[in-house]
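Structure assessment
Each chain is listed here by its residues.
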Amino acid sequence: MKALSIKGLRKVYKGGFEALKGIDLDVEEGDFFALLGPNGAGKSTTIGIVSSLVNKTAGSVTVFDYDLDKQLVELKKQIGLVPQEFNFNQFETVTQIVVNQAGYYGVPRKLAHERAEKYLKQLGLWDKRNERARSLSGGMKRRLMIARALLHEPRLLILDEPTAGVDIELRRSMWDYLEKINKQGITIILTTHYLEEAESLCRKIAIIDSGEIIENTSMKRLLATL
Ligand code: ADP
Ligand code: ADP
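Keep in mind that this is a model prediction, so the values were computed, not measured. (Residues numbered from 1 in each chain as written. Chains lettered and ligands numbered in written order. Predicted model: local features only at pLDDT ≥ 70, side-chain atom pairs only at ≥ 80, totals over all residues. Heavy atoms only, no water.)

**Re the pattern of salt bridges**
Cut-off, in case you're wondering: Any carboxyl oxygen of Asp or Glu that lies within 4 Å of a side-chain nitrogen of Lys or Arg is treated as forming a salt bridge with it. Note on classification: 1.4 Å probe, protein chains only; a residue is buried when its accessible area is under 20% of the maximum for its type, exposed when over 50%, partly exposed between these limits. Helix and strand assignments follow DSSP, with helices taken as H or I runs no shorter than four residues and strands as E runs no shorter than two, numbered in order from the N terminus.
What the rule picks out here adds up to eight salt bridges. With a closest N to O distance of 3.0 Å, Arg10 and Glu18 form a salt bridge. By relative accessible area, which is 32% here, Arg10 ends up partly exposed. For Glu18, a relative accessible area of 28% gives the class partly exposed. When the shortest N-O distance is used, the salt bridge between Glu117 and Lys121 registers 2.5 Å. Taken together, the residues span about one helical turn, with Glu117 and Lys121 both in helix α5 (residues 109-122) at a distance of four residues. Look at Glu117 and you get partly exposed, because its relative accessible area is 32%. A single salt-bridge network, built from bridges that share partners, covers Arg115, Lys118 and Glu153.

What follows is the structure in structure tokens.
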């Protein structure tokens, strides 16, 4: 089954800039997939469209066979998004930020608290559960966004530059964590502009440049051509 299927996806921003020039992309269920490309290539635009934060100009997107145009509510339930920017309320506590997510997905309150405990413990944030988010370090904020994204137990986790601004040691533990949940069955797509990050984590890779997919292969094959 395909976790994500993109066909002929175009994006022209207001003002006329064409950020995506009709891309095709398939991600299989269970993949650990990297979308690699330089700044400005179109990575955030792509995942913005998939997670319905950005309107597309043309093309089609399905997530586990749910069509973005026709089955948006179901499609959204399949996806957990970890955006690049810290977009939570810095004055809320760690627990509040994670549990509040439940409302958007119809997760019952009690279950939300149980899951929040589970994911905050797994991500090493349980001790911080009653602290306001603004007191956390950058790496902790990043992990908080992962816990929040997992609350409705999505089948596809999408992370935009997940280790930007995270130090080496934390980066490793975050990578280990992502590998662990991928083995448990969650499909993962991450964007990065570091080949090194993609290389150490991802089995499949697509390279995007100036709004076009210029390579789409397994990591093994890509490394063999370098
Ligand atoms: P990446 O995530 O690979 O760095 P983006 O998808 O953020 O790339 O951006 C792709 C291109 O689209 C860039 O040239 C960027 O400047 C442009 N762009 C992004 N957002 C907007 C916007 N809201 N309006 C106009 N142009 C935009
Ligand atoms: P630490 O205590 O781990 O150094 P900081 O809060 O100083 O944490 O931030 C670490 C990194 O996170 C920085 O390199 C910065 O670029 C990034 N960062 C901090 N705040 C934001 C934000 N609001 N949005 C995106 N990145 C941020």
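**Side note on unusual backbone geometry**
If you check the backbone angles, Ser52 has positive phi at about 60° while not being a glycine. Positionally, Ser52 belongs in the loop between α1 (43-50) and β4 (58-63). Ser52 sits in the partly exposed class, given a relative accessible area of 25%. Phi at Ser210 is positive, roughly 45°, even though this residue is not glycine. As for its placement among the helices and strands, Ser210 is situated in the loop between β9 (204-209) and β10 (212-218).

**Points about the site of ligand 2**
The line we're drawing: Near is defined per residue: the residue qualifies when any heavy atom it owns lies within 4 Å of the molecule or strand. Pairs of N or O atoms are called polar contacts if they sit within 3.5 Å, as long as, within protein, a hydrogen donor faces a hydrogen acceptor (for residues adjacent in sequence, only side-chain-to-side-chain pairs). Using a 1.4 Å probe, the Shrake-Rupley method yields the accessible areas, and only the shown protein chains count as cover for residues. Residue polarity follows a fixed list, in which Ala, Val, Leu, Ile, Met, Phe, Trp, Tyr, Cys and Pro are nonpolar, Asp, Glu, Lys and Arg are charged, and the others, Gly among them, are polar.
Taken together, the residues surrounding ligand 2 are Glu85, Phe86, Ser137, Gly138, Gly139 and Gly165. At 2.6 Å, a backbone N or O of Gly138 approaches an oxygen atom of ligand 2. The fraction of the free accessible surface of ligand 2 (550 Å²) that becomes covered by protein chains is 43%. By residue class, the composition of the shell around ligand 2 is one nonpolar, four polar and one charged.

**Some remarks on the site of ligand 1**
All residues in the neighbourhood of ligand 1 are listed as Tyr13, Phe17, Ala19, Pro38, Asn39, Gly40, Ala41, Gly42, Lys43, Ser44 and Thr45. In the complex, the protein chains occlude 61% of the 560 Å² of accessible area that ligand 1 would expose alone. Take the shell around ligand 1: its biggest share by element is three residues, from α1. Per-class residue counts for the shell around ligand 1 are five nonpolar, five polar and one charged.

Fair warning: the whole summary comes from geometry, so function is off the table for now.
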